Amino acid sequence: MSASDCHQPQGRPLTSRLGCSRTAADPAGLHLPACPAPHPPRTPSPSMRRARPGAGAPRMPAAGGGQAELGPRGGPLRQRESRRLPGGLARPAAPPAPSAGPARPAALALVTLLSFASRFHRLPEPPHVCWDETHFGKMGSYYINRTFFFDVHPPLGKMLIGLAGYLSGYDGTFPFQKPGDRYEQHNYVGMRGFCAFLGSCLVPFAYLIVLELSKSLPAALLAAFILIFDTGCITLSQYILLDPILMFFLMGAVLSMVKCNSCADRPFSASWWFWLSLTGVNLAGAMGVKFVGLFVVLLVGLNTIYDLWDLLGNLSLSLVMFGKHLLARVLCLILLPLALYTAMFAVHFTVLNKSGPGDGFFSSAFQSQLIGNNLHNVSVPEHLAYGSVVTMKNLRMAGGYLHSHWHLYPEGIGARQQQVTAYLHKDLNNLWIIKKHDSDTADLSDPSSPVEFVRHGDIIRLEHKETSRNLHSHQHEAPLTRKHFQVTGYGINGTGDSNDFWRIEVVGRKAGKLIKVLRSQVRLTHVATGCILGSSGKTLPKWGWEQVEVTCTPYLKESPNSLWNFEDHINPKLPNISLDVLKPSFAEILLESHMVMIRGNSGLKPKDNEVTSKPWHWPINYQGLRFSGVNETDYRVYLLGNPVIWWLNLVTIGLYLLIAVSTAVALKRGVQLTTELEELSRVVLRGGGQITLGWLLHYLPFFMMGRVLYFHHYFPAMLFSSMLTGITWDALLKFCAGFLSHSTTARKVYRGGFLALVLLITYSFYLFHPLSYGMIGPMASDPSSPMAGLRWMDSWEF
């Protein structure tokens, strides 16, 4: 609709108290209110009356280069009934703003170039291991060498790091033992370059997201400049870490989501299917790098629910068509990500087929598949029988084998009887003989005696093979764990008392069922006291040879600590079978790996004297992380956000809430706004609201986590707060300009405000860039240091 389509009621000027101008909107994206030229009304053209496919509701072009009004998800909005001005006349439509033309592609090229330049600048420096490169670089080496390892995160990020290293010529031989180790002749730049490439993509992603939500080039540029010149984002992108990979998929998912929303008027078109499918691919990628990728899954899920609810309320849409919309989203946003996520683990377990440092975290059945493991290609009897010699492995992560030795508990530590512990390594002292509780004289090793299998619910005795003492418990307190009972070795040549009796039970089995080696998870209940044999996970002092404490817990809550499986099994009267028969299925391995990862994440607790942080520290940039160097002679890199940017983001969150509430109240009360300001209000409420929801979902859950937390956990949320800053300040400057009656002054205020923000951000980067690119010399606490005046908070340690 052109400006000539608008008309002005006679006898009443249309110019609002917010001001208007005969001048067209600013090409840079500033849509100032314009006075409509008088013209008689005319009927809409047939194209204006045509309903969009699948929705049945007509569309109105919005101001801003012919773009449609933003809908609830940043997509086009269905035409609303025009409000009536006093006198019964309809509000005139706004004249369209001129298209930005080549400005937008040029701006995208500019921010992309600056992003790559800032991330790849001095990439090889320092030429030694920095911070968590010692973990993720080492894991990349494991993939190249096909050595199995364990990590608390899903495998995609480490696989991609390993692939980048392999393709760039790294041979996987560098040990990555500790921070500060020099790389020497090893090719590490390829892995750093891969992470820097993905980190560089965050800036154009943010630019395109904000541009799609706000239809404002200045807002998109402001968000991009914030991320380009943030020292924290640069530092986190330049090293071999999972964070740039996670944030790449996270921002890719958000960009795909808003692009799909913009195709809402063309459902089931090629572009609609492309963006919907790409959203699912990025969701799988985010989840495949870290479990915190669940937060963006939740964001996309809420957007999808809102979208479907909106479609359900469209009475012109048949239920069959609604069903097609539902099935398309199930296919692309649930089934496709699950398939890709599962495929990542299939590749992970296929590549890592050699025994390595991660074996002990997994079950014996899983270990039997790893080349080089002592269980690989071994043949053992399948079912447990009396007289069998066995080893028992605790199912808690790194729980160890049930173990005993000749050493006694010291004076004052329960009864002075033989120690029973859990030992992490293979040893002859891990061997136990299974006997009947009431059989003291029968020679179970006699080849002529019949085989009698152990069954679920049997009462047994476990005799330590090396010392001939029975596994025993009583009501003496355990050495370390209070209110647990002590477990000892007791008796002479297998003769003890009733405190040696244990009931063996298989999880999920019925009485009388046989017990399988490797596969059956068993629980040993002490008959006399009712307590359950378990490993506390606590390390005994030197008198216990720093092995793991074994107790009998009276608390019957089932956990991996109190579950065991039989690993080694020796019985000459039984036929051996290959462990290949007992190997777990892929579904069982997938489930086990997730259980181990979840337990590993929950077990990440702060260590003594370890520098950790709390979630409330993060938005205020309270404390950073040392990436490299401690002393003034070291090459120091310090992870800290650009303070000006981070505090601007923090202020903007409060400012946005104030603007959003005021705007919502004004619209609810029917305050008369120009079309441009009404559209701007929708951008603030819908586009800004979507970004704010993303920030909340990526920040608030950390307050409920019990695991150890670090400063870098906030950076995904920081991406959302930076995009919100772009949208909010652009809207605020436009609102301020809208209140000025003179168009030239309004444009000066808008451009001046935008330029001031960009200059402030750029100058602050000039001041703090040594945090990212390295510092040598006196510490900032030294008055002679060039960084001394920039230590604005005592908690900063650069």
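Residues numbered from 1 in each chain as written. Predicted model: local features only at pLDDT ≥ 70, side-chain atom pairs only at ≥ 80, totals over all residues. Heavy atoms only, no water.

### A short note on the overall build of the protein chain
- Regarding its fold elements, the protein chain presents 18 helices and 16 strands.
- Looking at the protein chain as a whole, 54% of its 798 residues are labelled buried.
- Summarising the internal contacts of the protein chain: among those between residues at least 6 apart in sequence, 75% fall at separations of at least 24.
- Within the structure as shown, the protein chain displays about 33900 Å² of accessible surface, and the carbon and sulfur contribution to it stands at 62%. (Helix = DSSP H or I, 4+ residues; strand = E, 2+ residues; numbered from the N terminus. Buried < 20%, exposed > 50% of the residue type's maximum accessible area, 1.4 Å probe, protein only. Contact = heavy atoms within 4.5 Å. Areas by Shrake-Rupley, 256 points an atom, 1.4 Å probe, with all protein chains shown as cover.)

### Some points on helix H10 (residues 294–312)
- Compared with the 27 Å implied by 1.5 Å per residue over 19 residues, the 26 Å span of H10 between its first and last C-alpha is a close match.
- Taken residue by residue, H10 has Phe295, Val296, Leu299, Val300, Asn303, Thr304, Asp307, Leu308 and Leu311 as its buried positions.
- Where H10 is buried, its residues touch helix H8 (243–262), helix H9 (270–289), helix H11 (319–351), helix H15 (675–699) and helix H16 (715–738). (Expected span 1.5 Å × (residues − 1).)

### Observations regarding the nonpolar core
- One finds Tyr207, Ile209, Met251 and Phe627 to be the most contacted residues of the largest nonpolar core, which totals 141 residues.
- Not counting the four nearest positions on each side in its chain, methionine 251 is found in contact with Leu202, Phe205, Ala206, Ile209, Leu719 and Met723.
- Listed in part, the 28 residues of the second largest apolar core include Tyr386, Val420, Val487 and Val506. (Core = buried A, V, L, I, M, F, W, Y, C linked by side-chain atoms within 4.5 Å.)

### Things to note about the environment of tyrosine 423
- Structurally, the position occupied by tyrosine 423 is in strand S4 (residues 418–423).
- Residues tyrosine 423 and valine 550 lie 127 residues apart in sequence; the distance between their C-alpha atoms is 9.9 Å.
- Setting aside chain neighbours within four positions, we find tyrosine 423 in contact with Gly400, Tyr401, His403, Asn430 and Gln547.

### Overview of the packing of aromatic side chains
- All told, the structure shown has 46 aromatic pairs when counted by the stated rule.
- Geometrically, the ring pair formed by tryptophan 646 and phenylalanine 715 is edge-to-face, given 5.3 Å between the ring centres and 70° between the ring planes. Of the two residues, tryptophan 646 is situated in helix H14 (residues 643–668) and phenylalanine 715 in helix H16; the sequence distance between them amounts to 69 residues. As far as burial versus exposure is concerned, tryptophan 646 and phenylalanine 715 are alike and both buried.
- Here the aromatic residues Phe295, Trp618, Trp646, Trp695, Tyr699, Phe702, Phe703, Phe711, Tyr714 and Phe715 are joined through ring pairs into a cluster of three or more.
- Positioned above the aromatic ring of tyrosine 386, the side-chain terminus of lysine 436 is 5.7 Å from the ring centre. (Phe/Tyr/Trp six-rings, centres within 6.5 Å; stacked < 30°, edge-to-face > 60°. Lys NZ or Arg CZ within 6 Å of the ring centre and 35° of its normal.)

### Here we look at the pattern of salt bridges
- In this structure the tally under the stated criterion is 20 salt bridges.
- Glutamate 411 is paired through a salt bridge with arginine 416; the nearest N and O atoms lie 3.9 Å apart.
- The class for glutamate 411 is exposed, based on a relative accessible area of 67%.
- Two residues, arginine 519 and glutamate 588, come together in a salt bridge whose shortest N-O distance is 2.9 Å. Residue arginine 519 is located in the loop between strand S9 (502–506) and strand S10 (522–526), and its partner glutamate 588 is located in helix H13 (residues 586–602); the two are separated by 69 residues in the primary sequence. (Salt bridge = Lys/Arg side-chain N within 4 Å of Asp/Glu carboxyl O.)

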